[in-house]
Amino acid sequence: MKQPVRVTVTGAAGQICYSLLYRIASGEMLGNDQPVILQLLEITPALKVLEAVRMELNDCAFPLLHDVICTDDAKVAFTGADYGLMVGAKPRGPGMERADLLKDNGKIFSTLGKVINEVASPEMKICVVGNPANTNAYILMKNAPNLNPRNISALMRLDHNRAIYQLAEKADKPMNTVQKMTIWGNHSTTQVPDITHTTIGGEAAPSLVDATWANEEFIPKVAKRGAEVIAARGSSSAASAANGVIDHVRTWVLGTEDGDWASMAVCSDGSYGIQEGLIYSYPVTCKDGEWTIVQGLENSAFITEKMKASEKELQDEAETCSDLF
Ligand code: NAD
Ligand code: LMR
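Quick notes on the rules
Residues numbered from 1 in each chain as written. Chains lettered and ligands numbered in written order. Predicted model: local features only at pLDDT ≥ 70, side-chain atom pairs only at ≥ 80, totals over all residues. Heavy atoms only, no water. Pairing = 2+ DSSP bridges. Helix = DSSP H or I, 4+ residues; strand = E, 2+ residues; numbered from the N terminus. Axes fitted to C-alpha atoms, helices over the stretch in contact; angles between N-to-C directions. Buried < 20%, exposed > 50% of the residue type's maximum accessible area, 1.4 Å probe, protein only. Contact = heavy atoms within 4.5 Å. Polar contact = N/O pair within 3.5 Å; in protein donor to acceptor, adjacent residues only side chain to side chain. Near = heavy atom within 4 Å. Areas by Shrake-Rupley, 256 points an atom, 1.4 Å probe, with all protein chains shown as cover. Nonpolar A, V, L, I, M, F, W, Y, C, P; charged D, E, K, R; others polar. Domains from an automatic or database assignment.

Draft legend 1. Representation of the sheet that holds strand 2 (residues 36-41) in the model. In spatial order, the strands read 3-2-1-4-5-6-12-13-14; together these nine strands make up an open sheet with mixed pairing. Each edge of the open sheet is held by one strand with a lone partner, namely strand 3 (65-71) and strand 14 (290-293). When the angles between neighbouring strand axes are averaged without regard to direction, this sheet yields 30 degrees. Across six bridges, strand 1 (residues 5-10) lies against strand 2 in parallel orientation.

Right, here's the structure in full:
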């Protein structure tokens, strides 16, 4: 049996975590031979609810769950952590954009970035979920210079999965036949779901669906899906977001399938002309716990223009919160 790894999860008494924690503990994220210790962080008023989460985790008798630590002390939560899932943040309500959360949520990520910088291993792998996820990851990175920036990412897998569903439904094909989906940019309405290089059962997706649908219906449908869920549910996506986190980390750690890739927001190295250092979503392949941006894709003027607009939005968000780093 492998040694247990420590997974820190913030906002652990919230909606997303109610779907997420049980799947981590069951082995879906890191493999069914990998024991885990959950280090759960909450704000003090939520500790009672967090205690109930711990009771339910215990009552599942997961063989891989070695311990559950519940705390409102970020130093305790991040000490010794191998993974940091940064969920704890305010969600938006109807009529809001995710960037409207920056004022409140940005502070959480500057504070936690400093704590992580002090107590965590530079090799801890981080997935930021709390919105606006890319800029919160950027704030965290700027406040945690000891961390390897390659280990700081933001969640785009929910958008990636949403795009797979929309395309598979339109083409009337099973979802597991869709490969090489790409989401470029920010987890916002400027994101660029792109099927140019996507295949369905090995065939080029653009030859199977109408270009007008791809450009005028598919892109906004995926980009605005979060708001559609909020309008229907009254609160933001939770189970699908948790599923996105599971997929994101599993792919990062256990690797992409041959012939496929995933979308991850990572620290840009300047690929595709995007400003270095921004947390920008790219198509990536993963192997041995490392991601690599897929290189050499030809992008149309239409896609390139949208990619630049999403980059500009991230530059503007960074500018807005420059007091936090
Ligand atoms: P929620 O309100 O149900 O839970 C958030 C939890 O975070 C609460 O329990 C709260 O007490 C806790 N919290 C607040 N500040 C904290 C802090 N400083 N440290 C630790 N915990 C803290 O919200 P939710 O539905 O779980 O969503 C969480 C975040 O995830 C929101 O910002 C939401 O917009 C975002 N989200 C992102 C994606 C994505 O794809 N990136 C998808 C869905 C939701
Ligand atoms: C989502 O995409 O569902 C989340 O980012 C929540 C939101 O505010 O849309």
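Draft legend 2. Main features of the sheet that holds strand 10 (residues 199-200). Ordered by their spatial adjacency, three strands build an open sheet running 7-10-11, and the pairing between neighbours is antiparallel. In the strand order of this sheet, the two ends are held by strand 7 (178-179) and strand 11 (203-204), each with one partner. Sheet topology note: the strand 7/strand 10 ladder contains two bridges and is antiparallel. Across the sheet, residue Q179 finds its bridge partner in strand 10, namely T199.

Draft legend 3. Just the environment of N136, in detail. Locating N136 in the fold gives a position in helix 5 (residues 133-143). With relative accessibility at 0%, the residue N136 sits in the buried group. Measuring from C-alpha to C-alpha, the distance between N136 and I279 comes to 9.2 Å, with 143 residues separating the pair along the chain. Not counting residues up to four positions away in its chain, the partners in contact with N136 are L102, N105, G106, F109, V128, G130 and N131. Engagement of the side chain of N136 in a polar contact is seen with the backbone oxygen of N131, the distance being 3.0 Å.

Draft legend 4. Looking closely at the site of ligand 1. Of all residues adjacent to ligand 1, which total 25 residues, the nearest are Q15, E42, K90, V129 and N131. Between ligand 1 and E42, the relevant distance is 2.6 Å, taken from an oxygen atom to a side-chain nitrogen or oxygen of the residue. A distance of 2.7 Å separates an oxygen atom of ligand 1 from a polar backbone atom of K90. Computed on the free molecule, ligand 1 has an accessible area of 870 Å², of which 86% lies beneath the protein chains in the complex. Mapped by element, the contributors of at least two residues to the shell around ligand 1 are helix 1 (15-25) and helix 4 (102-119). For the shell around ligand 1, a count of residues per class yields 13 nonpolar, ten polar and two charged.

Draft legend 5. Layout of the site of ligand 2. Surveying the vicinity of ligand 2 reveals the residues R92, R98, N131, L158, R162, H187, G226, I230, S236 and S237. Separating an oxygen atom of ligand 2 from a side-chain N or O atom of R92 is a distance of 2.5 Å. Summarising the interface, the protein chains cover 95% of the accessible area of ligand 2, which totals 260 Å² for the free molecule. Only helix 6 (157-171) and helix 8 (225-233) provide two or more residues apiece to the shell around ligand 2. The two domains that each donate at least three residues to the shell around ligand 2 are domain 1 (5-154) and domain 2 (157-319).

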